[in-house]
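Each chain is listed here by its residues.
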Amino acid sequence: MTTSSSSFDLVVIGGGPGGYVAAIRAAQLGMNTACVEKSPSLGGTCLNVGCIPSKALLETSHLYHTVAHGLDTHGIKAGSPSLDVAQMLARKDRIVGELTRGVGVLFKKNKVTHLPGAARLVKPGEVEVTAADGGKTIVGAKRILIATGSEPTPLPFAPFDGERIVGSTEALSFSQVPRHLIVIGAGVIGLELGSVWLRLGAKVTVVEMLPSLLAGVDAGMARLAQRAFTKQGFTFHLGAKVEKVEKTAQGVVVRGTGAKGETLELEGDRVLVAVGRRPYTAGLGAQEAGVALDPRGRIVVDENFQTNLPGVFAVGDVIAGPMLAHKAMEEGVAAVERMAGHASRVNYEAIPSVVYTHPEIAWVGRGEETLKAAGVAYKAGSYPFMANGRAKTMESTEGQVKVLADAQTDRLLGVLVMGPGASELIAEAVVAMEFEGSAEDLALACHAHPTLSEAMKEAALGVAGRAVHA
Ligand code: NAD
C-alpha cells in the first residue's frame, strides 16, 4: 500500500558523504530536509565498506608488519607477532559502527529527517520510499538531490561471487589471510587492499592492463611507487590482459596474456577485482523519470548540479569527476548552497588524491605528463625524504616531494608527495593552490624543524634552484 507522507524543501537520496553532508548543510541553511538511505546504516560506501574500514585494516596491518620486521633497528626485541584476524575485523567494525551512528547523531542535531528505505524518483517533486518491510510512501520534495554513489565494476567473464571472486567490500572482511591473493587492477583499491593482505602474510600478485600502476598519476611518481611496492613483495604483471577467471576446487585460476604476449596463468585462493567503480542508479528510476545520463551512465548536471529535470540535482560518484568522498562532500555543500542563492563552487583544480599505502602517495593539481600534453611551460623542484631529518628518525625515507610551478608566473600547478605522512602533507599544497599561491609562497613560509613538511619547503625552493639541504 502506498501512503503519502509529509513534504520537504529538500529530499536527499543517499546517505553517503555526498548526501549526508549536503543534508546537514541544507538544514543549516534553513531547509526542511530529509535523507533517504536504503542501507541499515548511514555513511555510504566510504564509512561502511570503503575509506574508513580500509584505513582501519591498513593501520593494523602496518603495525603488524612493523612489529614483525621494523623493530630490530630500534633495538626493540618483540619476538614474532601472531595475528588474531577476528579481533582485527571486530576493531574495524567497531570504528565503522561509531562513525555511522555518528552520522545519525548529526542528523538529529541538525534536524535532518532520516527516512530509511529505498528511494525512487517518481517525477520532479516526488520520491517514493520503499521501507524494508515493503511499505511504500510518497514523499513530496521542492527539490531532490541524488547522491547514490557508485558500485564496483565487475568483469564480464568473472562475476562477483562474494567468496572467491570478490570486490573491495568482501576483501575488507576475509576471515583468514589468503595464501595467494590475485588482484586485477593496479589502481587505488588494488594497491591499498593488496597492501593490507601482503603485510599480513599473503602472496599478492597484481595484474594490470596498462603499462604502469596508478593510471593518470604523474609517471615519475608511479615508477617510484612501483619500485617501493615491488620491494615490499608485490608481484606486478603490467600491460597484461586477463581473459578468464576459473574457479577450482581449491581456489581460482586467472588466465590471460602478459605484456610480451606470453601466456599468463596464476593460481590463487581469491581474486580481488578492482578495475574501477561505476555510478549506482539501480532502482532509482532516474532514467524512467527522464534524467539524462552520459554514455558512462553518469548523471549529467549543470553548474548548479541540476539535471535536465528542474528541481532534480545530483552530486558525487553518480556524476562525472573523480570518485572521491571529499569531492562528493564539496559538491553536496556547493549544490545546496547554490539552491540557497549563494555563489558557492567547487575548485576541481585543488582536489587532493591520496593512496594510503606505505609510503603514502598524494597529489593535487596536474602531473608532468598532463602539463606537457597541455603545452604548459613549467618548472619542477623535488626533494627526497632520504635527506629529511625527521623521515630518517622515523626510518621512513622512501619517496619524495615534487612541486610543479608555471615557468613564467611561478604559480603552483601541481604538487606530488610520496612518502611518510603524504596524506597530511598534501593539505598544505591544497591550501596554497586554493590561494593561487606560487612555489615561492611555499618556499618562503617557515616550516618547523625537524618535520616532514620541510621536504615540501625544500622542493618548493628547488623550483627556483635554491634548495638548501640538497
Ligand atoms: P581505479 O580506477 O583506481 O583503478 C582501476 C585499475 O584497473 C586501472 O589501473 C585500470 O587500468 C585497471 N583495469 C581496468 N580494467 C582492467 C582489466 N580488465 N584487467 C586489468 N586491469 C584493469 O579503480 P579502483 O582501484 O577500483 O577504485 C575505484 C574508485 O574508488 C576510484 O575512482 C578510486 O579513486 C576510488 N577509491 C579511492 C580511494 C582513495 O582515495 N584512497 C580508495 C579506494 C577507492
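Residues numbered from 1 in each chain as written. Predicted model: local features only at pLDDT ≥ 70, side-chain atom pairs only at ≥ 80, totals over all residues. Heavy atoms only, no water.

(A) Spotlight on the domain arrangement of the protein. Looking at the protein, the domain boundaries give domain 1 (2-151 + 278-346), domain 2 (165-275) and domain 3 (350-463). The distance between the C-alpha centroids of domain 1 and domain 2 comes to 28 Å. Carbon and sulfur atoms supply 70% of the area that domain 1 and domain 2 bury against each other, a total of about 1200 Å² over both sides. Area buried by domain 1 at its contact with domain 2 is led by Val49, Leu58 and Ser61, which between them contribute 33% of it. There are 1 salt bridge connecting domain 1 and domain 2. Glu192 is the salt-bridge partner of Lys55, the closest N and O atoms lying 3.0 Å from each other. Counting across the domain 1 and domain 2 interface gives 5 residue pairs in polar contact (both at pLDDT 80 or more). Secondary-structure elements contributing two or more residues to the side of domain 1 that touches domain 2 are helix H3 (51-69) and helix H4 (85-110). Considering each element in turn, the side of domain 1 that touches domain 2 owes the most residues, 9 residues, to H3. Tallied by class, the residues present in the side of domain 1 that touches domain 2 amount to 9 nonpolar, 5 polar and 2 charged. (Domains from an automatic or database assignment. Buried area = accessible area lost by both parts, 1.4 Å probe. Salt bridge = Lys/Arg side-chain N within 4 Å of Asp/Glu carboxyl O. Polar contact = N/O pair within 3.5 Å; in protein donor to acceptor, adjacent residues only side chain to side chain. Helix = DSSP H or I, 4+ residues; strand = E, 2+ residues; numbered from the N terminus. Nonpolar A, V, L, I, M, F, W, Y, C, P; charged D, E, K, R; others polar.)

(B) Structural context of the pattern of salt bridges. Tallying each qualifying case throughout the model produces 20 salt bridges. One salt bridge in this structure joins Arg25 and Glu337, with 2.6 Å as the shortest N-O distance. Placement of Arg25 in helix H1 (residues 17-28) and of Glu337 in helix H9 (residues 325-339) is noted, with a sequence separation of 312 residues between them. Close ionic contact of Lys77 with Asp72 constitutes a salt bridge, the shortest N to O distance being 3.9 Å. Each member of the pair, Lys77 together with Asp72, is exposed. Among the charged side chains, a network of salt bridges with common partners joins Lys244, Glu246, Arg255 and Glu265. (Buried < 20%, exposed > 50% of the residue type's maximum accessible area, 1.4 Å probe, protein only.)

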